[in-house]
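Residue-level structure breakdown
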Amino acid sequence: SLSLSLSFSGMCIVCIVCGFAGSVVPAVCLVLAGYAKDRTLIVAYISLSAGFSGCQMVGSGINQIDLAPRYADILMGFSNTFASMGGIVAPYLAQTLTPNHKPAEWRVVFYITAALFIVGALGFVIFGSAERQWWAEGAKRASPLPPSRVCLEGDPSQSLVANMEESGNPEVQYSV
């Protein structure tokens, strides 16, 4: 019997599967939408594509907390800014590629989008990590939350703990 051992650098298998499915299923749906003849079917494929792309958040969306819990907010800001560039460029690209609004022209748009989904998924699976980064082990950051709010304490996978009850200290810091 053969046994195969894979290491995903600490990433949970659920994150990998959801991140990958959140890219591959939308890509397949978009390609199918490009060849569908019925408008209802086209709308269904595009809707499925948009719906399944939400699975990416389970995989790559929470990855910033694994990499650097203290700096997850900053990482999320940078990654969302970069990811938003596609939403800015896509309408202009689609308009340029579909001057006659023919199905063949839309297939090109769907193929480009599907390719971006697949490249993102492969990049996440190949290069993704959930290992806490060395640069994230620096000094503690003061909490931006008011004293009566909730803060993370301990392992980020543990539940949130009310800071006033636990520490009694109104100047609570992240203790990750």
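The paragraphs below set out a description of the structure included in this document. (Residues numbered from 1 in each chain as written. Predicted model: local features only at pLDDT ≥ 70, side-chain atom pairs only at ≥ 80, totals over all residues. Heavy atoms only, no water.)

**Considerations on the overall build of the protein chain**
As a reminder of what qualifies: Runs of E in the DSSP output that reach at least two residues are strands. Runs of H or I that reach at least four are helices, and both are numbered from the N terminus. We call two residues in contact whenever any of their non-hydrogen atoms come within 4.5 Å of each other. Residue exposure ignores everything except the shown protein chains as possible cover, and the areas themselves are Shrake-Rupley values with a 1.4 Å probe.
In terms of helices and strands, the protein chain carries seven helices and two strands. If you take every contact in the protein chain between residues at least 6 apart in sequence, the share linking residues at least 24 apart comes to 66%. Of the roughly 11,500 Å² of accessible surface on the protein chain, 66% is carried by carbon and sulfur atoms.

**Topic: unusual backbone geometry**
The general pattern is negative phi for most residues beyond glycine and trans for most peptide bonds. Here is the rule: Partly exposed describes any residue whose relative accessible area lies between the buried limit of under 20% and the exposed limit of over 50%, with all areas from a 1.4 Å probe on protein chains only and scaled to the type maximum.
The backbone of His101 sits at a positive phi, close to 55°, despite the residue not being glycine. In this structure, His101 sits in the loop between α5 (72-97) and α6 (103-127). Classification of His101 as exposed rests on a relative accessible area of 58%.

**Thoughts on a nonpolar patch on the surface**
What counts, and what does not: In this scheme, patches are assembled from residues that exceed 30% relative accessible area and form no salt bridge. Like charges are connected within 9 Å, while nonpolar side chains (Val, Leu, Ile, Met, Phe, Trp, Tyr) are connected within 5 Å. Take a side-chain nitrogen of Lys or Arg and a carboxyl oxygen of Asp or Glu: if they are within 4 Å of each other, that pair is a salt bridge.
Taken together, the side chains of Phe82, Met85, Ile88, Val89, Tyr92, Leu93, Val108, Ile112 and Leu116 present a nonpolar region at the surface, about 920 Å² in accessible area. At the level of elements, α5 and α6 are the ones that each hand at least two residues to the nonpolar patch. With six residues, α5 is the largest single contributor of residues to the nonpolar patch. Within the secondary structure, Ile88 is located in helix α5.

**Comments concerning the packing of aromatic side chains**
Aromatic rings considered in pairs are described by the distance between their centres and by the relative angle of their planes. The condition that has to hold: What counts as a ring pair is set by centres within 6.5 Å for rings of Phe, Tyr and Trp (its six-membered ring), and what kind of pair is set by the plane angle: stacked under 30 degrees, edge-to-face over 60, tilted for all other angles.
For the coordinates displayed, the defined rule picks out three aromatic pairs. Between Tyr71 and Trp135 the ring centres are 6.3 Å apart and the planes differ by 45°, which places this aromatic pair in the tilted class. Here the residue Tyr71 occupies a position in the loop between α4 (63-67) and α5, and Trp135 occupies one in the loop between α6 and β1 (150-151), the gap between them amounting to 64 residues. Note on Trp106 and Phe110: the rings are 6.1 Å apart at their centroids and 35° apart in plane angle, and the pair reads as tilted. Of this pair, Trp106 and Phe110 are both found in helix α6, four residues apart, which corresponds to roughly one turn of the helix. The exposure class assigned to Trp106 is partly exposed, which follows from its relative accessible area of 30%.

**Structural notes on the nonpolar core**
Counted only if it meets this: To qualify as a nonpolar core, a set must consist of buried Ala, Val, Leu, Ile, Met, Phe, Trp, Tyr and Cys residues joined through side-chain atoms within 4.5 Å.
Core analysis: the largest hydrophobic core is formed by eight residues, namely Ala27, Leu30, Ala33, Ala36, Tyr45, Phe110, Ala114 and Phe117. Mapped onto this core, the elements with two or more residues apiece are α1 (13-35) and α6.

**Things to note about the packing of α1 against helix α2 (residues 39-53)**
Quick reminder of the rule: Under this scheme, a helix contributes an axis fitted over its contacting stretch, all axes are lines through C-alpha atoms, and angles between N-to-C directions fall in the 0 to 180 degree range. Here roughly perpendicular refers to angles of 65 to 115 degrees, roughly parallel to angles under 35, roughly antiparallel to angles over 145, and oblique to all remaining angles. Crossings are classed by handedness, with left-handed meaning an anticlockwise turn of the near helix from the far one by less than a right angle and right-handed meaning a clockwise turn. Residue polarity follows a fixed list, in which Ala, Val, Leu, Ile, Met, Phe, Trp, Tyr, Cys and Pro are nonpolar, Asp, Glu, Lys and Arg are charged, and the others, Gly among them, are polar.
As a packed pair, α1 and α2 sit with axes 8 Å apart at the nearest point and diverge in direction by 165°. Here α1 is positioned roughly antiparallel relative to α2, judged by the angle of their axes. Relative to α2, the crossing made by α1 is left-handed. Judged by residue contacts, Gly22, Val25, Pro26, Cys29, Leu30, Leu32 and Ala33 of α1 engage Ile42, Tyr45, Ile46, Leu48, Ser49, Phe52 and Ser53 from α2. The class makeup of the residues in the contact of α1 with α2 is 11 nonpolar, three polar and no charged.

**Looking at the pattern of salt bridges**
Per the stated rule, a full pass over the model turns up one salt bridge. Arg132 is paired through a salt bridge with Glu137; the nearest N and O atoms lie 4.0 Å apart. Judged by relative accessible area, which is 35%, Arg132 ranks as partly exposed. In this structure Glu137 comes out as partly exposed when scored by relative accessible area, which is 46%.

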